[in-house]
Amino acid sequence: MRLIDSILGREPVRAIESSMVLSETWKSTTRERVGDNFMSWAIDGVGGNPIVFAVLNARLNLFTEAEFKFRNLSDKKLYGTPDLLKLEKPWPNGTTGDLLARMEQDVFLTGNAFIRDAGSRLERLRPDGVEIVTFVDNVSGAVEVTGYVYRRDGIGEEFYPVEQVAHWAPIPDPLADHRGMSVLTPVVREINADLAMTVHKQTFFDNAATPNLVIKYNTKLTKETIDRLRDRFNARYSGATGEKTMVLDEGADMTIVGNSFEQMAFTDVQKAGEARIAMAASVPPIVAGLQSGLDAATYSNYGQALKAFGDNFMRAHWRSVCAALEPLVNVPDGARLWYDVTDIAALQEGESQRAEANRTR
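Computed from a prediction, not measured in an experiment: that's the story for all the values here.

**Section: the side chain of Thr64**
Move 1: On the secondary structure map, Thr64 appears in the loop between helix 3 (50-63) and strand 2 (67-72).
Move 2: At a separation of 2.7 Å, a polar atom in the side chain of Thr64 contacts the main-chain carbonyl oxygen of Leu60.
Move 3: Those residues in contact with Thr64, other than ones at most four positions away along the chain, are Gly97, Leu100 and Ala101.

**Some details on the sheet that holds strand 5 (residues 122-125)**
Move 1: The sheet built from three strands is open, its strands ordered 5-4-9 with antiparallel pairing. Because the sheet does not close on itself, it has two edges, and the strands there are strand 5 and strand 9 (165-168). The average angle at which neighbouring strand axes cross in this sheet is 25°, direction not considered.
Move 2: Looking at chain direction, strand 4 (residues 113-117) and strand 5 are connected through four bridges and run antiparallel. In the sheet register, Asp117 faces strand 5, and the bridge partner there is Leu122.
Move 3: Each of strand 4, strand 5 and strand 9 is contacted by helix 5 (residues 96-110), which is oriented at about 140° to strand 4, the strand it contacts most.

**Quick notes on the sheet that holds strand 12 (residues 335-340)**
Move 1: Ordered by their spatial adjacency, three strands build an open sheet running 3-2-12, and the pairing between neighbours is antiparallel. The outermost strands of the open sheet, each flanked by one partner alone, are strand 3 (78-79) and strand 12.
Move 2: Examined bridge by bridge, strand 2 and strand 3 share two bridges and lie antiparallel to one another. Considered in strand 3, the bridge of Arg71 is made with Leu78.

**Concerning the environment of Ala281**
Move 1: For Ala281, the position within the fold is in the loop between helix 8 (266-280) and helix 9 (285-288).
Move 2: With 226 residues separating them along the chain, Ala281 and Val55 place their C-alpha atoms 7.1 Å apart.
Move 3: Beyond its immediate stretch of four places on either side in the chain, Ala281 contacts Val55, Arg59, Phe108, Val183 and Phe313.

**A look at the side chain of Thr110**
Move 1: Checked against the element boundaries, Thr110 lands in helix 5.
Move 2: Reaching out from Thr110, the side chain makes a polar contact with the backbone oxygen of Asn112 at a distance of 3.1 Å.

**A look at the nonpolar core**
Move 1: Of all hydrophobic cores here, the largest spans 61 residues; its most connected members are Trp318 and Leu325.
Move 2: Take this core: its biggest share by element is 10 residues, from helix 11 (residues 299-325).
Move 3: Setting aside anything within four residues of it in sequence, one finds Trp318 in contact with Leu62, Phe63, Ala66, Tyr339, Val341, Ile344 and Leu347.
Move 4: Residues Ile132, Val145, Tyr150 and Val165 belong to the second largest nonpolar core, which totals nine residues.

**Notes on unusual backbone geometry**
Move 1: For Lys76, which is not glycine, the phi dihedral falls at a positive 65°.
Move 2: Looking at the element boundaries, Lys76 is found in the loop between strand 2 and strand 3.
Move 3: Positive phi outside glycine occurs at Asn93, with the angle close to 65°.
Move 4: Taking the relative accessible area as the measure of exposure, Asn93 reaches 81% and is therefore exposed.

**Things to note about the packing of aromatic side chains**
The geometry of an aromatic ring pair comes down to the distance between the two centres and the angle between the two planes.
Move 1: Applying the stated criterion across every chain yields a total of seven aromatic pairs.
Move 2: The interplanar angle of 5° and the centroid separation of 5.8 Å between the aromatic rings of Phe63 and Trp168 together place this pair among those described as stacked. Taken together, the positions of Phe63 in helix 3 and Trp168 in strand 9 put the pair 105 residues apart, joining distant regions of the chain.
Move 3: Looking at Phe63, the relative accessible area reads 0%, which means it is buried.
Move 4: The exposure class assigned to Trp168 is buried, which follows from its relative accessible area of 1%.
Move 5: Judged by centre distance (5.8 Å) and plane angle (10°), the ring pair of Phe309 and Phe313 falls under stacked. Here Phe313 and Phe309 lie together in helix 11, a separation of four residues that amounts to about one turn.

So, how was this worked out
- Residues numbered from 1 in each chain as written.
- Predicted model: local features only at pLDDT ≥ 70, side-chain atom pairs only at ≥ 80, totals over all residues.
- Heavy atoms only, no water.
- Helix = DSSP H or I, 4+ residues; strand = E, 2+ residues; numbered from the N terminus.
- Polar contact = N/O pair within 3.5 Å; in protein donor to acceptor, adjacent residues only side chain to side chain.
- Contact = heavy atoms within 4.5 Å.
- Pairing = 2+ DSSP bridges.
- Axes fitted to C-alpha atoms, helices over the stretch in contact; angles between N-to-C directions.
- Core = buried A, V, L, I, M, F, W, Y, C linked by side-chain atoms within 4.5 Å.
- Buried < 20%, exposed > 50% of the residue type's maximum accessible area, 1.4 Å probe, protein only.
- Phe/Tyr/Trp six-rings, centres within 6.5 Å; stacked < 30°, edge-to-face > 60°.

Structure follows, in structure tokens:
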């Protein structure tokens, strides 16, 4: 099954009670659930496509460098307290970078990340096992999230109230009330096209790096003769053994059918698909190391693209994840959970300019 075939599946609405509606996360337009598509994205999308992997890796490399701090609402100063320990060491042998990496990976693939407060530690809930439980007011029609049902393999279902789970969905799904949308959803056809081009390229080289061939004879041949000639030709000249000098007799004439890579502008077509995938993920192609960005690459262009990536996208991404995680920590009065990028080398220039602007104000 193609990746797009599993993404565009539809499933019916499932109700719990007349006053309780189970809206599940991400998969179809009628229920908010990730479902089996998480596996498709992970295996076919990231694991099977180097472009998607490079784009996700570019986001992870910068996103996981941030640290959590509290920000004073009056003077904007950042400071830390022991209350941040849960985010700094979310689970045994875990770090802030591990927490951010898991959340970013889940959001990139499914549009949703779920982190549970398990007392002294945090737990990442795999998105395809989570269902969002909402309460519908029969009078006003207002919908309120009351908790999350998590299906554990081999254990069964567990219910967690909304206060115990941080749900991060930075891109709202226009077809749902509470779930998020994967950044890959708009470019699933581009991913399929890139995979098809990779298969075509491999097939091209497996068949002696030549397009299809047509052999014409001046005389009429019987079906048995045609089959015998085709089998003998394929055995001798096609596939990995095809790099041989071809000798034709009995007035045979060979014609090439199809286009070479140059004739079909293969590289340009592939670069266009790469750029569209990167565009959907808000990653400059040059930052992800894609060919469409490297063709015009200079140190100046790379620096400007990285700065724009950090300022225009990543800062909003960090603010969003802080807002999602804030209910899981004890935030001091007059402060809010914030991010600290002081030690991120890639953003040092921007931080210096920001500090100078603050001093001027």
